[in-house]
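Close look at the chain arrangement
Letter by letter, the chains look like this.
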Amino acid sequence: GCARDWDGLTCWPRAAFGEVAKVPCPRFFEEITNIHGKTCFLLRNCTEEGYWSEPFPPYTVACGFDESSSKGPEDQKSYYSAFWSVYTAGYAASVASLITALIVFAAFRKFHCTRNYIHMHLFVSFILRAVAVFTKDAVLFADETMDHCLMSTVACKAAVAFFQFSILANFFWLLIEGIYLQTLLLLTFVSDKQYVWWFIFTGWGAPTAVIFTWILTRIYQQNTGCWDDDENGVVLWIIKGPILLTVLINFIIFINVIRILVHKLKTQEGGGSHSSHFVRLAKSTLLLIPLFGVHYVVFAFFPESTGLEARLYIELGLGSFQGFVVALLYCFSNAEVQSELKKQLCKWQYQEYLNFLHKHSTLSRENSPVNYVTQLSLLEKISPTRKTSVYQNGVTSV
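Computed from a predicted model, the values in this text were never measured in an experiment.

Next up on the list: the overall build of the protein chain. Helices and strands together make up the secondary structure of the protein chain, namely 14 helices and four strands. Here the contacts in the protein chain between residues at least 6 apart in sequence split such that 68% fall between residues at least 24 apart. Carbon and sulfur atoms make up 65% of the accessible area of the protein chain, which totals about 23300 Å².

Structure below.
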């Protein structure tokens, strides 16, 4: 028969002599054609000689591609290439800023508190997510000539599994941030240290349990390709279910936190102006959106085919810079962090100045004539023999 074949757009399954294979149109056609919500199919015949025929109808016909459209395959390739550059830059900026923020929080004992410990774990989850994206791109898409039908290595499966784990961990730590903030607002006099280990256990333990379940299900039910193909219902919801649950809970917490902030602002400012209330509330809301990942709610409960282009912008474009924004807001823009960094900088500058003065004074003493005479006097006192020798030499010379 005919072996599995990758024609550059889709993967064709193995077929017997004379058999007609039937596959759906690739999903990316939904973004550039008018087949949204439809399922269109391509056919291909395995000839008696063991060769594949050309797909029929052609991709342009079967998948609803309009040849008069200005957004052709080459334009689409350029578009995805430009988009890849954007999210790569976003993840790179996020990694650099998050690592710097981690160093700042770890270096100063003043920042060693429960709130910052949770921030640091969230930073690590963002770093893992960026590294997982880079790893997945390098393993799966670095070689454009790669046959995606035959590719089913341990390395590529591990890369996809690591990618799924990093996403799960990131969403769970966003949830932990929301739960912790609400706990602080509701339970004023509770010791937050008692919750730290529960937070850590949930933030890393839950994603680990989910990903192990997903891996085992993949191995025994759908062990195909690199585990990056379309998944059946059970396998898909093992990953998507917990993510949607964390997004939903975080959104509810977000609304509740905003309600609590409104109440506290009114209580604190009493008869203050409404504009002041609004400004402070707007600032608090904008700070909480990237921390809670509220922007994921926009497409969380819609089908995957809904608004693919907008989904790419929000989940990849904006999402790639989310780590950078979180590090900027909760570390570099924090007044306490800025004050401590300025204090440390002044301390370093003062220490350098003292070192300079000490070095300069030492050199001055060593080269001073007074210092030379003093050294000579001491030498003469210590060495009587040398003193006599100098005297005799003086008499002789006279």
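From this point, the narrative continues.
A word on the state of the cysteines. On inspection of all chains with the given rule, the structure shows two disulfides. There is a disulfide in this structure between Cys2 and Cys46, and the S-S distance comes to 2.1 Å. Taking the sign of the S-S torsion, 90° for the link of Cys2 and Cys46, the bridge is right-handed. Placement of Cys2 in the segment before β1 (5-6) and of Cys46 in the loop between β4 (41-45) and α2 (59-62) is noted, with a sequence separation of 44 residues between them. With its sulfur 2.0 Å from that of its partner, Cys156 forms a disulfide with Cys226.

Quick look at the packing of aromatic side chains now. Within this structure, the stated rule accounts for 10 aromatic pairs. Consider the rings of Tyr180 and Phe199, whose centres lie 6.0 Å apart with planes at 90°: the pair is edge-to-face. Of this pair, Tyr180 sits in helix α5 (residues 154-186) while Phe199 sits in helix α6 (residues 196-221), and the two are 19 residues apart along the sequence. In this structure, Tyr180 and Phe199 share a single accessibility class: buried. Directly above the ring of Phe41 sits Lys22, whose terminal nitrogen or CZ lies 4.5 Å from the centroid. Of note, Lys136 hangs over the ring of Phe163, and the distance from its end group to the ring centre comes to 4.3 Å.

Moving on, we get to the pattern of salt bridges. A complete count under the given rule lists three salt bridges for this structure. Here Lys110 and Glu340 are joined by a salt bridge, their closest N and O atoms 3.5 Å apart. Here Glu340 lies in helix α12 (residues 335-367) and Lys110 lies in the loop between α3 (73-107) and α4 (114-141), a separation of 230 residues in the sequence. A residue is classified by how much of its surface remains accessible, and Lys110, at 46% relative accessible area, is partly exposed. Owing to a relative accessible area of 12%, Glu340 belongs among the buried residues under this scheme. Three or more residues joined by partner-sharing salt bridges are found here, namely Lys110, Glu340 and Lys343.

Let's shift gears to the UniProt feature "transmembrane region" (unreviewed entry) in the protein chain. Under the present numbering, the feature "transmembrane region" (unreviewed entry) in UniProt falls on residues 84-108, 120-142, 162-188, 195-217, 237-261, 281-302 and 314-333. Taken end to end, residues 195-217 is 96% helix and 0% strand, and its two terminal C-alpha atoms sit 33 Å from one another. End-to-end, the C-alpha atoms of residues 237-261 are 35 Å apart, and along that stretch the chain is 100% helix and 0% strand.

Quick look at the nonpolar core now. If you look at the biggest cluster of nonpolar residues, it comprises 53 residues, and the most contacted ones within it are Phe105, Phe123, Leu168, Phe171, Trp214, Ile239 and Ile243. Those elements giving two or more residues to this core turn out to be α3, α4, α5, α6, α7 (233-269) and α11 (322-332). By residue number, the principal contributor to this core is α5, which donates 14 residues. Apart from residues no more than four positions distant in its own chain, Leu168 is found in contact with Pro207, Val210, Ile211, Ile239, Pro242 and Ile243.

Rules and cut-offs
Residues numbered from 1 in each chain as written. Predicted model: local features only at pLDDT ≥ 70, side-chain atom pairs only at ≥ 80, totals over all residues. Heavy atoms only, no water. Helix = DSSP H or I, 4+ residues; strand = E, 2+ residues; numbered from the N terminus. Contact = heavy atoms within 4.5 Å. Areas by Shrake-Rupley, 256 points an atom, 1.4 Å probe, with all protein chains shown as cover. Disulfide = S-S within 2.5 Å. Phe/Tyr/Trp six-rings, centres within 6.5 Å; stacked < 30°, edge-to-face > 60°. Buried < 20%, exposed > 50% of the residue type's maximum accessible area, 1.4 Å probe, protein only. Lys NZ or Arg CZ within 6 Å of the ring centre and 35° of its normal. Salt bridge = Lys/Arg side-chain N within 4 Å of Asp/Glu carboxyl O. UniProt positions renumbered as here; feature names shortened; annotations may be inferred. Core = buried A, V, L, I, M, F, W, Y, C linked by side-chain atoms within 4.5 Å.

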